[in-house]
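Here is how the chains run, residue by residue.
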Amino acid sequence: MTKEQELRLRDIFRPSYRKRLESIDWPTMRFAYYTSATTGMNILKGQSLWMRAAACMNDYKEIDYGIKMLSDAIYGSKRRMERLERTAISLHWGKDILIRMLSALNKNEEGLTTNTYLACVSENIDEDNERGRLSMWRAYGRRTGVAIVMHAAPLLHTERLPLSLHPVSYLGQASFESVLDNLIDRIDQYSEEIQAIRPTETLQCFLESLLFSLFSLKHPGFKEEREWRLIYQERSGLLPHDIVSVDGVPQIVYKVPLSAPASPREGLNLENALDHIIIGPSQYAAVIQKAFVRILRELGIQDAKERVTLSNIPLRAER
């Protein structure tokens, strides 16, 4: 399968993904990586964005949420299941491919969340620039939180790395089923074009698109987070990694390079990628700010003091 065919299949299988990417003004877009001050310090010193196993997410049941919705959408509608079976047969995927896939997802959910790594970022709109976002401080800041605000455009130049950048969809069951029905319609519409490619390759692309969709799905109640996710399927040797302890849990962390690479497409450059850092609400905020200014200066960033600000949200720190 050629690269053009691969991209075309992604357009067919995930039309909303392409539209979302095209709707973004990338030169002005900012992403904020909310984390603890300790992790933020390690990210800057190591000049790499951390990707942690999906099983270590704040709500590790998010993946279960997507799998359950997919199961309910297929098993809960005889008409939809029959349509999927007919579509799979016409594309030479096999009549029961989706049933087998669902069975595998349910049986191997733990392995899936352990071997898939994510870096979660939030769109940083103008009103977030000085204070950050209250819900994110509550979810990720704890007693000492920071938000590393980055230009979004460099994240799109990681195509030589085995990563995928996806916007999160905030869907309930009815909305999810509508999206699934539209997907079936679209596959039927472009069936001749799909059949021109080998069935094993089109099936693989379809399953990967569906899997990435499940890893980019959240309850509508979280919509104001405006989250995007870098997704990495574990493959030995393709990304640098380290073993660290986060909140007392030893774990593998994969790293997206932020240090100056030989080519700008091999990673990100910290000086150019970093917009600013927000220190979250904390009784130690001034101390943390001073430390982060020092870290940036030691990394050679001359305007370090101007890049580190304090959130003005009067959020009480946890005791």
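Structure's up top.
The structure contained in this document is the topic of the report that follows.

What counts, and where the lines are drawn
- Here, residues in each chain are numbered from 1, in the same order as that chain's written sequence.
- Selection of residues for local features in this predicted model requires a pLDDT of at least 70, selection of side-chain atom pairs for listing and counting requires 80 or more, and totals for whole chains, interfaces and linings are taken over all residues.
- Side-chain descriptors were evaluated using all non-hydrogen atoms of the structure, hydrogens and water having been removed beforehand.
- Elements are defined by DSSP. Helices are runs of H or I of four residues or more, strands are runs of E of two residues or more, and each kind is numbered from the N terminus.
- We take the radius of gyration over the C-alpha atoms and set the globule estimate at 2.2 Å times the residue count to the 0.38 power.
- Burial here depends on accessible area, computed with a 1.4 Å probe over protein chains only, as a share of the maximum for the residue type. Under 20% is buried, over 50% is exposed, and the range in between is partly exposed.
- By definition, residues are in contact when any of their heavy atoms lie within 4.5 Å.
- The charge count includes Lys and Arg as positive and Asp and Glu as negative, but it does not include His or the ends of the chains.
- The location of each charge is read from NZ of Lys, CZ of Arg, CG of Asp or CD of Glu.
- Between any two strands, pairing holds if DSSP finds at least two bridges.
- To get an axis, fit a line to the C-alpha atoms, keeping to the stretch in contact for a helix; angles then go from 0 to 180 degrees between the N-to-C directions.
- Small angles under 35 degrees read as roughly parallel and large ones over 145 as roughly antiparallel, with 65 to 115 read as roughly perpendicular and the rest as oblique.
- Should the near helix be turned anticlockwise from the far one by less than a right angle, the crossing is termed left-handed; should it be turned clockwise, right-handed.
- In this classification, the charged set is Asp, Glu, Lys and Arg, the nonpolar set is Ala, Val, Leu, Ile, Met, Phe, Trp, Tyr, Cys and Pro, and all remaining amino acids, among them Gly, are polar.
- Nine residue types can take part in a nonpolar core, namely buried Ala, Val, Leu, Ile, Met, Phe, Trp, Tyr and Cys, and a core is a set of them joined through side-chain atoms within 4.5 Å.
- Here, a salt bridge means any Lys or Arg side-chain nitrogen found within 4 Å of an Asp or Glu carboxyl oxygen.
- Counting of polar contacts relies on pairs of N or O atoms within 3.5 Å, with two restrictions inside protein: one atom must be capable of donating a hydrogen and the other of accepting it, and residues adjacent in sequence are counted only when both atoms are side-chain atoms.
- Exposure above 30% relative accessible area and no salt bridge define the residues that can form patches, which grow by joining like charges within 9 Å and nonpolar side chains of Val, Leu, Ile, Met, Phe, Trp and Tyr within 5 Å.
- Each accessible area value is a Shrake-Rupley result obtained with a 1.4 Å probe; residue values ignore everything except the protein chains displayed when judging cover.

1. Structural notes on the overall build of the protein
Inference 1: Helix and strand content of the protein: 15 helices and twelve strands.
Inference 2: Taking 20 Å as the expected radius of gyration for a compact globule of 319 residues, we find that the protein reaches 21 Å, a close match to that expectation.
Inference 3: Seen through its C-alpha atoms, the protein measures out along the principal axes to roughly 65 × 45 × 35 Å.
Inference 4: Residues classed as buried in the protein amount to 46% of the 319 residues present.
Inference 5: Residue pairs in contact within the protein that sit at least 24 positions apart in sequence constitute 81% of those at least 6 positions apart.
Inference 6: Between the centroid of the 42 positive side chains of the protein and the centroid of its 41 negative side chains there is a distance of 3 Å.

2. Thoughts on the pairing of strand E2 (residues 48-53)
Inference 1: Of all six residues making up E2, five are buried, and the element is well covered by its neighbours.
Inference 2: Bridging between E2 and strand E10 (residues 249-257) involves four bridges; their strand directions are antiparallel. In the sheet register, serine 48 faces E10, and the bridge partner there is proline 257.

3. Things to note about the packing of helix H4 (residues 62-75) against helix H6 (residues 97-107)
Inference 1: Following both chains from N to C, one finds H4 and H6 inclined at 150°, their axes separated by 11 Å at the closest point. Considering the angle they form, H4 stands roughly antiparallel to H6. Seen along the crossing, H4 lies across H6 with a hand that is left-handed. Side by side, H4 and H6 meet where Ile67, Leu70, Ser71, Ile74 and Tyr75 of the first sit next to Ile99, Met101, Leu102, Leu105 and Asn106 of the second.
Inference 2: Classifying every residue of the contact of H4 with H6 by side-chain character gives eight nonpolar, two polar and no charged.

4. Section: the nonpolar core
Inference 1: Core analysis: the largest hydrophobic core is formed by 46 residues, its most contacted members being Tyr33, Met51, Ile277 and Phe292.
Inference 2: The dominant element in this core, judged by the number of residues it contributes, is helix H14 (residues 285-298), at six residues.
Inference 3: With near-sequence residues (within four places) excluded, tyrosine 33 lies in contact with Ile43, Leu49, Trp50, Ala119, Cys120, Val121, Val146, Ala147, Ile148 and Met150.
Inference 4: With 40 residues, the next largest nonpolar core counts Met57, Leu91, Ile97 and Phe176 among its residues.

5. Topic: unusual backbone geometry
Across residues other than glycine, the phi torsion is negative in most instances, and most of the peptide bonds are trans.
Inference 1: Positioned with a positive phi, histidine 92 is a non-glycine residue whose angle comes to about 65°.
Inference 2: Topologically, histidine 92 is positioned in the loop between helix H5 (78-90) and H6.
Inference 3: The exposure class assigned to histidine 92 is exposed, which follows from its relative accessible area of 59%.
Inference 4: Located in the positive-phi region is arginine 226, a residue other than glycine, with phi close to 50°.

6. Here we look at the pairing of strand E8 (residues 227-233)
Inference 1: Most of E8 is tucked away, with six of its seven residues classed as buried.
Inference 2: Note: strand E3 (residues 116-123) against E8, seven bridges, orientation antiparallel. In the sheet register, threonine 116 faces E8, and the bridge partner there is glutamine 233.
Inference 3: One ladder, built from four bridges, connects strand E5 (residues 164-167) with E8; its direction is antiparallel. Bridge assignment links leucine 165 to a residue of E8, and that residue is leucine 230.

7. Concerning the pattern of salt bridges
Inference 1: One pass over the full model with this rule turns up 21 salt bridges.
Inference 2: A salt bridge links arginine 8 to glutamate 193; the shortest N-O distance between them is 2.7 Å. Here arginine 8 is found in helix H1 (residues 3-13), whereas its partner glutamate 193 is found in helix H11 (residues 191-195), with 185 residues between them in sequence.
Inference 3: By relative accessible area, glutamate 193 is classed as partly exposed at 35%.
Inference 4: Between arginine 100 and aspartate 96 there is a salt bridge, with its nearest N and O atoms 3.3 Å apart.
Inference 5: Since its relative accessible area comes to 37%, aspartate 96 is described here as partly exposed.

8. Overview of the side chain of glutamate 123
Inference 1: Positionally, glutamate 123 belongs in strand E3.
Inference 2: For glutamate 123, the side chain forms a polar contact with the side chain of tryptophan 228, separated by 2.8 Å.
Inference 3: Setting aside its immediate chain neighbours within four residues, glutamate 123 contacts Arg20, Met29, Arg30, Phe31, Asp128, Arg133, Glu225, Arg226 and Trp228.

9. As for the side chain of serine 282
Inference 1: Within the secondary structure, serine 282 sits in the loop between strand E11 (274-279) and H14.
Inference 2: Owing to a relative accessible area of 16%, serine 282 belongs among the buried residues under this scheme.
Inference 3: Here arginine 143 takes part through its backbone oxygen, which lies 2.9 Å from a polar atom of the side chain of serine 282.

10. Considerations on a positive patch on the surface
Inference 1: Residues Lys290, Arg294, Arg297 and Lys305 make up a contiguous surface patch of positive charge.
Inference 2: Of the residues forming the positive patch, the biggest block, three residues, is contributed by H14.

11. Remarks on the environment of phenylalanine 31
Inference 1: Relative to the helices and strands, phenylalanine 31 is located in strand E1 (residues 30-36).
Inference 2: Look at phenylalanine 31 and you get buried, because its relative accessible area is 0%.
Inference 3: Separated by 260 residues in sequence, phenylalanine 31 and alanine 291 have C-alpha atoms that sit 22 Å apart.

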